[in-house]
Amino acid sequence: MRNDDNRNLALRWIAMFNAHDFGDAGSIAASEYMERVAAPFGRTEPGRVDGPAHLRDVARSLIDQLPDLEMTVEQLVSEDDLIGLLGTSTGPNLG
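Cut-offs and rules
Residues numbered from 1 in each chain as written. Predicted model: local features only at pLDDT ≥ 70, side-chain atom pairs only at ≥ 80, totals over all residues. Heavy atoms only, no water. Salt bridge = Lys/Arg side-chain N within 4 Å of Asp/Glu carboxyl O. Helix = DSSP H or I, 4+ residues; strand = E, 2+ residues; numbered from the N terminus. Buried < 20%, exposed > 50% of the residue type's maximum accessible area, 1.4 Å probe, protein only. Phe/Tyr/Trp six-rings, centres within 6.5 Å; stacked < 30°, edge-to-face > 60°. Axes fitted to C-alpha atoms, helices over the stretch in contact; angles between N-to-C directions. Parallel < 35°, antiparallel > 145°, perpendicular 65-115°, else oblique. Left-handed = near helix turned anticlockwise from the far one by under 90°. Contact = heavy atoms within 4.5 Å. 1 Å grid on protein atoms, 1.4 Å probe; cavity = no way out; pocket = protein on both sides within 12 Å on 5 of 7 lines; lining within 4 Å. Points joined across faces, edges and corners; volume = space filled by probe spheres on them. Nonpolar A, V, L, I, M, F, W, Y, C, P; charged D, E, K, R; others polar.

J.: Can you walk me through the pattern of salt bridges in this structure?
T.: Close approach of charged atoms allows side chains with opposite charge to pair. Taken as a whole and judged by the stated rule, the model has 2 salt bridges. The partner of R48 in a salt bridge is E32, and the shortest N-O contact between them spans 3.6 Å. One end of the pair, R48, is in strand 2 (residues 47-50); the other, E32, is in strand 1 (residues 32-35), and 16 residues separate them in sequence. The exposure class of R48 is exposed, given its relative accessible area of 56%. The class of E32 is partly exposed, set by a relative accessible area of 45%.

Here it is, written out as structure tokens:
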């Protein structure tokens, strides 16, 4: 994947959260990926997950807790197939 494609994918991921519209998860997340976070939101252990379904589930859980969540990209760098994003998330935590 080209650097511009990686950058656009990261920006679409942020836009998905800001719009609270997770219908694009199927074109953002791989069909399967390795979740490395220990029990994200207390639901699953690290391991292989159904990418789009897992992304939607985690995103909805986060929005349930932070209904006014807004993410802002501060810096975005991309090299080969790696991407780094520094962002700020704001919103009252109701969860």
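Still more ground to cover, so stick around.
J.: What should I look at first to understand the packing of aromatic side chains in this one?
T.: The description of an aromatic ring pair uses the distance of the two centres, along with the angle that the planes make with each other. According to the stated counting rule, one finds 2 aromatic pairs in the structure shown. Each ring, one from W13 and one from F17, has its centre 5.0 Å from the other, and the planes form 65°; the classification is edge-to-face. Here W13 pairs with F17, and both are found in helix 1 (residues 3-19), just 4 residues apart, close to one helical turn. Relative to F22, the ring of F17 has its centre 6.1 Å away and its plane inclined at 70°; by these criteria the two rings are edge-to-face. Summarising the burial analysis for this pair, F17 and F22 share the class buried. Among the aromatic residues, those joined into a cluster by ring pairs are W13, F17 and F22.

J.: Can you help me understand the packing of helix 1 against helix 3 (residues 51-65) in this one?
T.: Axis angle and axis distance: for two packed helices, these are the angle between their axes and the distance between the axes, and together they describe the pair. Closest axis-to-axis distance for the helix 1/helix 3 pair is 10 Å, and the angle between their directions is 45°. Here helix 1 lies oblique to helix 3, going by the angle between them. Remark: the crossing between helix 1 and helix 3 carries right-handed chirality. Contacts between helix 1 and helix 3 involve W13, M16 and F17 from the first element and L55, A59, L62 and I63 from the second.

J.: Please clarify how the layout of surface pockets should be interpreted in this entry.
T.: One water molecule sets the probe size; rolling that probe over the atoms shows where empty space is left. Estimates place the volume of the largest pocket at around 810 Å³. Together, 27 residues line the largest pocket, and A10, W13, I28, L55 and I83 are the ones closest to its centre. Mapped onto the lining of the largest pocket, the elements with two or more residues apiece are helix 1, strand 1, helix 3, strand 3 (70-79) and strand 4 (82-90). When grouped by side-chain class, the residues that make up the lining of the largest pocket number 19 nonpolar, 6 polar and 2 charged.

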